[in-house]
Amino acid sequence: MAKERARERHILALDGGGVRGILSLHVLKALEQHVGKPAYEFFDMLAGTSTGGIIAALIVYGRMTAEQILAEYDRMVGRVFDRDPRRMFVGGLLKKRIYGRDAALETLRYYFGKRTLRRMPLRFDGEPQALLLTTHDLVRNEELFLSNYPFKSGRPNFAWSWKVGEAVAASALSAPWYFGPYFGRFVDGGLTVFNCPARQAAVEALDYCERPIFKRGATTVWSLGTGTFPTRYRTGDGDGFHLWDWASRVASDVQGDAEGDQIYGAERMARRGEIRFRRYQVRIDDETLRGFKLATGRVALPISLDRADAVDFLHQVGARFAASIDWSLERGVYPPPLPDPFADTGLWRTRAPRPRGPRRAPGKPPSARLC
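The following refers to the structure shown. (Residues numbered from 1 in each chain as written. Predicted model: local features only at pLDDT ≥ 70, side-chain atom pairs only at ≥ 80, totals over all residues. Heavy atoms only, no water.)

1. Brief notes about the pattern of salt bridges
Inspection of every chain in the model, using the stated rule, returns 18 salt bridges. Two residues, R216 and D207, come together in a salt bridge whose shortest N-O distance is 2.6 Å. R216 gets classed as partly exposed once you look at its relative accessible area, which sits at 44%. Residues joined by salt bridges that share partners form a network here, namely R7, R9, D44, R123, D125 and E127. (Salt bridge = Lys/Arg side-chain N within 4 Å of Asp/Glu carboxyl O. Buried < 20%, exposed > 50% of the residue type's maximum accessible area, 1.4 Å probe, protein only.)

Here's what the structure looks like:
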């Protein structure tokens, strides 16, 4: 037991993002090569939202490598996101959802069968492997965390009554506008601040998970993003927005806020010595594409979660980003925070004063309160 408590633990947290999960998988493939073993042998807990939930479950219960999951994505993306122009137009205006999920559910049944979350798979060394998936419950109006581990409190885990495939579908095949609620009440976990589950995974591991044992100061969270894009919004653009423009904008903002909230929360835990935190995220813009020696303007940006036409492009970006990663960097690799709001003259109703005191510390979230 003493040996188990002293062991360094590793958590993999996977963002939501639909087809952009290809980016995460390329980074994970490179990470597997870096550590010299597949993810299902390296990580003690895997947490995922939406497409990240699919990847996490395929690793834990499917014992699949990143390369194998990439091949499955190539096979399935076109079947799940069949963007027939006529059906897209009618579906977008008249139907309650654009896509069916039968093909995806068939795949989940193939990989997970009738297995439930009560059964914790064992790693090669006999250690139990934890899984955490997020979904939002419309009836309870709260985020639910579907997990396969026992709780420290001793309370029963309701998620143990769920089939693995059901939990994945509730997290990943339930986005409004696209698939609709699962079981009539559960929608994509990415609709809230848990689209990036990094901080929540750390909290669950340290405060709630009984097995395996996670210890403060001996736990590393590896957080993989699904790409971010620069804003194209300019002052006044919203004056001409229609309902569908706002729907797209709100969804984008929720995911952006989710990433900021979770990442800064995880960084705060790291500064306090509770965890070590590594984040890997790529900003897809013209500057990045030129650095990767990829043509700009070839694929329309940003890339929504159902853009099956962007698969080849995502493979190229993901492979180049993964190849550029310096694994010795303790914080990982992700875009710098937004410019200090002090420099945004549009925030000031009078002339902006000259800043006094130290500048905002690196990694601290930008705030209109200028703190």
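So that's the structure; there's more coming.
2. A closer look at the side chain of S147
Within the fold, S147 resides in strand β4 (residues 142–147). Only 3.0 Å separates the side chain of S147 from the side chain of N157, close enough to count as a polar contact. Contacts of S147, omitting those with residues within four sequence positions, involve L117, L131, L132, N157, A159 and W160. (Helix = DSSP H or I, 4+ residues; strand = E, 2+ residues; numbered from the N terminus. Polar contact = N/O pair within 3.5 Å; in protein donor to acceptor, adjacent residues only side chain to side chain. Contact = heavy atoms within 4.5 Å.)

3. Considerations on the packing of aromatic side chains
By the definition in use, this model includes 17 aromatic pairs. Note on Y233 and F241: the rings are 6.1 Å apart at their centroids and 80° apart in plane angle, and the pair reads as edge-to-face. Aromatic side chains Y280 and W327 sit 5.0 Å apart centroid to centroid with 50° between the ring planes, which places their arrangement in the tilted category. Pair noted here: Y280 is in strand β7 (residues 276–280) and W327 is in the loop between α12 (311–324) and β8 (332–333), with a separation of 47 residues, a long-range link. Accessibility assignment for this pair places Y280 and W327 in one class, buried. (Phe/Tyr/Trp six-rings, centres within 6.5 Å; stacked < 30°, edge-to-face > 60°.)

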